[in-house]
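Residues per chain are reported as follows:
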Amino acid sequence: MLIKVSEIKENTGRREAETYKVKELAESIEQIGLINPITVTEFNNQYMLVAGLHRLEAYKLLNRKEIEANVIKGTELELELVEIDENLIRNELHYIDLDDLTIRRKVIYEKMHPETKDGGDRGNQYTGGRRTLCPSGKPTFSKDTATKTGESERNVRRSIQRAREIIPEAKPILKEKEITKTEATELARKTPEEQKKIIDVLKEGKASSINQAYKSIRREERKKSMQVKPLPVDKYHVIYCDPPWQYSNDGFAMSAENQYPTVPTEKLKKMEIGKLANENAVMFMWATNPLLKDALELMEAWGFEYKTNFVWTKERHTAGFYVFGQHELLLIGVKGSMLPIGEKTKSIITGANNVHSKKPETTYSIIEKMYPKLKYIELFARNKREGWESWGNEV
């Protein structure tokens, strides 16, 4: 039925119309007319708007006197539910706004149907391991919302999670930075403290995504917590090390930079590792293929002459820009004269690569067999080993 625009009262407690949407809608109405009537209800001999705020404002902008409307009856909660359901199926709304509407819908729906709260007590119908009907036969909130909106129940639950768990100050930033719904879901799983740090990074323009911001924060925290321990004062016959090589390609999840604090080669060269070596000493240094040149230069800077190497063949490895790097080198260098005094071994090392950058345990026994009963030290060590001195921030 046609109703005078001047007789329709808007609910001031709901969200306000967005100017650009009103203008776009007014242009559309001028060209093709009003496709969907607004929805109103009668209250105290006056029409109250239930749904169609932007359409009503567009009519006002066009100075139209009457508008087509559906008149419905219902309680205050029922009428608000109608408005929410109409907004939930509108594609132009940002997912943050839809999330807030969804959680409000949950409050209303479970207030109207308390037997459905928490999935419906002792419900007896399940789909995919989840309850869909409560004992009264009323659908659960997620099932009912999925039916109304065409979304999956899983997406409805994720919408509720985002609305509940994302801190309020993060929501406008997610809109401004055009953060995807998937990343916003990941943000909702983090603590409020972590969210605050991530949002601060985004606001400062130091990252353009949640993942980038989180990785940046982790790197900074690792660097701050990294306490450089003084080097031992003893001298050793055998030095074993796996330097924390720094790469330029830190933009992917499994890069070294995203796993532990790394150090530029030039900074490693300045470390006085040569002072740890006995007059005659041997060094075993792990070198990755992309930084082989750096490793040879580092070994020389520390006072060792390169001699040969072991090859570690990895059981599982699918990373690499040119080839899948399924092997890594263990360089051998000497200071003075340091041929093996024990058992020689084959130059192939086999072993699983289950943890990022962790080297095969068999390497220790190989070194001990080659140079038995000498003074050993492991640099940049992660764990202690009996009979060895261990130096590093992770020990």
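Owing to the predicted nature of the structure, the values given are computational and were not obtained by experimental measurement.

### Overview of the pattern of salt bridges
Any two side chains of opposite charge can pair, given that their charged atoms come close. For the structure on display, the rule yields 26 salt bridges. Lys307 serves as the salt-bridge partner of Glu305, at 3.6 Å between the closest nitrogen and oxygen. The partly exposed category is assigned to Glu305, whose relative accessible area is 49%. Its relative accessible area of 48% is what places Lys307 among the partly exposed residues.

### Description of the pairing of strand E13 (residues 376–379)
With burial as the criterion, each face of E13 is covered, one bearing Tyr376 and Glu378 and the other bearing Ile377 and Leu379. Note: strand E8 (residues 236–241) against E13, four bridges, orientation parallel. Bridge pairing links Val238 to Tyr376 in E13. As defined by bridge partners, E13 adjoins strand E14 (residues 388–391) across four bridges and the pair is classed as parallel. Bridge assignment links Leu379 to a residue of E14, and that residue is Trp391.

### Concerning helix H2 (residues 53–61)
The periodicity of an α-helix, 3.6 residues per turn, causes residues three or four positions apart to be oriented the same way. What H2 keeps buried is the set Leu53, His54, Arg55, Leu56, Ala58 and Tyr59. For H2, the elements touching its buried residues are strand E2 (8–9), helix H1 (19–32), strand E3 (38–43), strand E4 (46–51), strand E5 (66–72) and helix H3 (76–88).

### Notes on the side chain of Arg105
Its place among the elements puts Arg105 in helix H4 (residues 95–112). A relative accessible area of 1% places Arg105 in the buried class. Look past the residues within four positions of Arg105 in its chain and what remains in contact with it is Leu81, Ile84, Asp85, Leu88, Phe141, Asp144, Thr145 and Lys148.

### Some points on the packing of helix H5 (residues 141–149) against helix H6 (residues 153–165)
Two numbers describe how H5 lies on H6: the axes approach to 8 Å, and their chain directions differ by 110 degrees. For the element pair H5 / H6, the angle class is roughly perpendicular. H5 and H6 meet at a crossing whose hand is right-handed. Contact residues: H5 offers Phe141, Ser142, Lys143, Thr145 and Ala146, while H6 offers Glu153, Val156, Arg157 and Ile160. For the contact of H5 with H6, the per-class residue count stands at four nonpolar, two polar and three charged.

### Let's talk about unusual backbone geometry
Of note in this structure, Asn63 is not a glycine but carries a positive phi near 60 degrees. Relative to the assigned elements, Asn63 resides in the loop between H2 and E5. Judged by relative accessible area, which is 55%, Asn63 ranks as exposed. Of note in this structure, Lys373 is not a glycine but carries a positive phi near 55 degrees. Within the element layout of this structure, Lys373 appears in the loop between helix H13 (362–370) and E13. Lys373 sits in the exposed class, given a relative accessible area of 84%.

### Observations regarding the confidence of the model for the protein chain
Across the protein chain, pLDDT averages 86, with 87% of residues at or above 70. E8 holds the highest mean pLDDT among the elements of the protein chain, 98, whereas strand E6 (residues 125–127) holds the lowest, 51. With pLDDT under 50 throughout, residues 251–256 is counted as low confidence; its partners more than four residues away or in other chains account for 15 contacts.

### Quick notes on a nonpolar patch on the surface
Taken together, the side chains of Phe321, Tyr322 and Val323 define a hydrophobic patch exposed on the protein surface, amounting to about 480 Å² of accessible area. Secondary-structure assignment places Val323 in the loop between strand E10 (305–314) and strand E11 (327–335). Overall, Val323 belongs to the exposed group, its relative accessible area being 60%.

### A word on the sheet that holds E8
Strand pairing in a sheet relies on backbone hydrogen bonds. The paired strands run either parallel or antiparallel. Strand order in the open sheet formed by seven strands is E12-E10-E11-E9-E8-E13-E14, with mixed pairing between adjacent strands. Strands with a single pairing partner mark the edges of an open sheet, and in this sheet they are strand E12 (348–351) and E14. Neighbouring strand axes in the sheet, compared pairwise and without regard to direction, differ in orientation by 20 degrees on average. In this structure, E10 lies alongside E12, joined through four bridges in parallel fashion. Residue pairing across strands places Thr313 opposite Thr350, the latter belonging to E12. Lying on the sheet, helix H12 (residues 292–301) is in contact with strand E9 (277–287), E10 and E11; it crosses E11 at an angle near 20 degrees.

### Regarding the side chain of Ser142
Considering the arrangement of structural elements, one finds Ser142 in helix H5. Among the polar contacts made by the side chain of Ser142, one reaches the side chain of Glu153 at a distance of 3.0 Å. Once residues within four sequence positions are removed from consideration, Ser142 is found in contact with Glu153, Val156 and Arg157.

### Considerations on the packing of aromatic side chains
To describe a pair of aromatic rings, you give the distance between the ring centres and the angle between the ring planes. Enumeration over the complete set of coordinates arrives at eight aromatic pairs. Arranged with centres 6.2 Å apart and planes meeting at 75 degrees, the rings of Phe284 and Tyr371 form a pair that is edge-to-face. Residue Phe284 is located in strand E9, and its partner Tyr371 is located in the loop between H13 and E13; the two are separated by 87 residues in the primary sequence. The buried category is assigned to Phe284, whose relative accessible area is 0%. Ring geometry for Tyr364 and Trp388: centres 5.4 Å apart, planes at 85 degrees, overall edge-to-face. Taken together, the positions of Tyr364 in helix H13 and Trp388 in strand E14 put the pair 24 residues apart, joining distant regions of the chain. Trp388 matches Tyr364 in its accessibility class, with the two residues each being buried. Among the aromatic side chains, those forming a connected cluster through ring pairs are Tyr240, Tyr364, Tyr376 and Trp388. Cation over ring: Lys375 sits above Tyr236, and NZ or CZ is 5.0 Å from the ring centre.

About the thresholds
Residues numbered from 1 in each chain as written. Predicted model: local features only at pLDDT ≥ 70, side-chain atom pairs only at ≥ 80, totals over all residues. Heavy atoms only, no water. Salt bridge = Lys/Arg side-chain N within 4 Å of Asp/Glu carboxyl O. Buried < 20%, exposed > 50% of the residue type's maximum accessible area, 1.4 Å probe, protein only. Helix = DSSP H or I, 4+ residues; strand = E, 2+ residues; numbered from the N terminus. Pairing = 2+ DSSP bridges. Contact = heavy atoms within 4.5 Å. Axes fitted to C-alpha atoms, helices over the stretch in contact; angles between N-to-C directions. Parallel < 35°, antiparallel > 145°, perpendicular 65-115°, else oblique. Left-handed = near helix turned anticlockwise from the far one by under 90°. Nonpolar A, V, L, I, M, F, W, Y, C, P; charged D, E, K, R; others polar. pLDDT = per-residue confidence, 0-100. Patch = residues over 30% accessible without salt bridge, like charges linked within 9 Å, V, L, I, M, F, W, Y side chains within 5 Å. Areas by Shrake-Rupley, 256 points an atom, 1.4 Å probe, with all protein chains shown as cover. Polar contact = N/O pair within 3.5 Å; in protein donor to acceptor, adjacent residues only side chain to side chain. Phe/Tyr/Trp six-rings, centres within 6.5 Å; stacked < 30°, edge-to-face > 60°. Lys NZ or Arg CZ within 6 Å of the ring centre and 35° of its normal.

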